[in-house]
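Fold and contact review
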Amino acid sequence: MYVAQPIEWTDHGVVMLDQRRLPTEEISYTYTTYQDVAKSIQEMVIRGAPAIGVAAQWGLLQEMAKVSNQNPPDLARNFGI
């Protein structure tokens, strides 16, 4: 059984399934800044407390990576995520 991923991390940024379009369409967007991630949460692109929490965390990791010159997966490991 196929289950769409609501959110995932890629080398290009945070990829979110636009849950407003379900069940008729399956469209994903890639976000590369914390501002875009925050806007997607406000616009309810992603829904549900766990997915919203993950999205917010990854948005912050993206910005932290920019100022620390580390990649987000390494930062996540440093924070025990």
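So, a few notes on the structure that sits alongside this text. (Residues numbered from 1 in each chain as written. Predicted model: local features only at pLDDT ≥ 70, side-chain atom pairs only at ≥ 80, totals over all residues. Heavy atoms only, no water.)

1. Concerning unusual backbone geometry
Across the junction of Leu22 and Pro23, the peptide omega takes the value 0°, indicating a cis bond. In this fold, Pro23 is placed in the loop between strand E2 (13-17) and strand E3 (28-31). Positive phi outside glycine occurs at Met44, with the angle close to 60°. Residue position: Met44 is located in the loop between helix H1 (34-42) and helix H2 (49-68). (Helix = DSSP H or I, 4+ residues; strand = E, 2+ residues; numbered from the N terminus.)

2. Considerations on the pattern of salt bridges
Applying the stated criterion across every chain yields a total of five salt bridges. Between Arg21 and Asp18 there is a salt bridge, and its shortest N-O distance comes to 3.8 Å. Between Glu25 and Arg21 there is a salt bridge whose closest N-O contact spans 3.1 Å. The exposure class assigned to Arg21 is partly exposed, which follows from its relative accessible area of 32%. Shared partners join several salt bridges into a network, and the residues in it are Asp18, Arg20, Arg21 and Glu25. (Salt bridge = Lys/Arg side-chain N within 4 Å of Asp/Glu carboxyl O. Buried < 20%, exposed > 50% of the residue type's maximum accessible area, 1.4 Å probe, protein only.)

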